[in-house]
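Structure assessment
Spelled out, the chains give:
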Amino acid sequence: MAEDSLNNIWVSTNNGLTLYDKSSDSFRPVKFEDKIITTNSFHTFSGSILFTADEGVYIYDGKSRTLHKRPVLQKDSSDFIPYYIRPWDKDEVLLISRRNGILRYNPVTDQITPTDYPIQTGDLNAVYLDSKKRLYLSSYNKGFVCYAPDGKKLYHIHTGNSKLNNNLVLDFLEINNKLWITTDGGGINIMDLENTSDITAIVHTPGDRNTLPVNSVKCIYKDKQDNIWVGTVRGGMIGIKEVS
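Anyway, here's the lowdown on the structure attached to this text. Numbering of residues begins from 1 in every chain and follows the order in which that chain's sequence is written. The predicted nature of this model means local features are confined to residues of pLDDT at least 70 and side-chain atom pairs, given and counted, to a pLDDT of 80 or more, with totals for whole chains, interfaces and linings taken over all residues. Only hydrogens and water are set aside; all other atoms, that is, all heavy atoms of the structure, feed into the side-chain values.

1. A look at the pattern of salt bridges
- Salt bridges are defined by distance alone: a side-chain nitrogen of Lys or Arg within 4 Å of a carboxyl oxygen of Asp or Glu. Applying the stated criterion to the full structure yields six salt bridges.
- Among the salt bridges present, the one from Glu194 reaches Lys132, with a minimum N-O distance of 3.8 Å. Taken together, the residues Glu194 in the loop between strand S21 (188-192) and strand S22 (195-202) and Lys132 in the loop between strand S15 (124-129) and strand S16 (135-139) connect sequence positions 62 residues apart. Secondary structure elements follow DSSP: runs of H or I no shorter than four residues count as helices, runs of E no shorter than two count as strands, and numbering proceeds from the N terminus.

Below, the structure is given as structure tokens:
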């Protein structure tokens, strides 16, 4: 789900992209040339929203209320399927494929720039870009790898070389210079970004209602009041708040 700068609510489903119509309190399918669009991720910017799909990139223009397909991406990178979008700077985003690399993309000029990441990304579970533009990539059951903004590999964290308690990483969030790492079975691991050997975990403890109800945590989010919300596998949504 996504809200753009014009307060439109978008919902991506396996039956295509839909837009919430406030006037009729209903959802309407969003199509391109009468075809449904199955989107993978989104990025909002002034008056528009960018979506990735298997066939390329789509941009919805809020002023004209129309959807545009970006043919430049397919023409210049026909074998590149973008999946994740992450903001890079004012005018560019990172387009990250689950299997064949990373490109920088300017949605205003359509310019595509190869990146210096010397990697084949593999089958990714999670992608995160922190406040210092360090990129974290998690492949299935392999922990995660961190890259510097220039593409240099900084480290690979997994259960065999660290205190990480589970290699199946599903999401990341930077909070107060610590990286919160959600896992499928190990709860939430918290790593100090200044000392990556310092990793602790929030996990389910049987009989203690103040711990996580389950240890499989799919996603994590911090709101404007600094409350932390996590979505779990079969455990519902959980609110985490700092207390004395």
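2. Remarks on the sheet that holds strand S25 (residues 237-240)
- Being paired, for any two strands, means DSSP has found at least two bridges between them. Sheet architecture is open: three strands sit in the order S23-S24-S25, paired in antiparallel fashion. Only two strands of the sheet have a single neighbouring strand rather than two, namely strand S23 (217-222) and S25. Neighbour-to-neighbour, the strand axes of the sheet open up by a mean angle of 20°, direction not taken into account. Simply put, an axis is a line fit to the C-alpha atoms, just over the touching stretch for a helix, and the angle between two N-to-C directions goes from 0 to 180 degrees.

3. Regarding the pairing of S16
- Each residue is placed in one exposure class: buried if its accessible area under a 1.4 Å probe, protein chains only, is under 20% of its type's maximum, exposed if it is over 50%, and partly exposed if it falls in between. Most of S16 is tucked away, with five of its five residues classed as buried.
- Here S16 shows two buried faces, one formed by Leu135, Leu137 and Ser139 and the other by Tyr136 and Ser138.
- Where S15 lies against S16, five bridges are found, and the strand directions are antiparallel. Its bridge partner being in S16, Val127 is matched across the sheet by Leu137.

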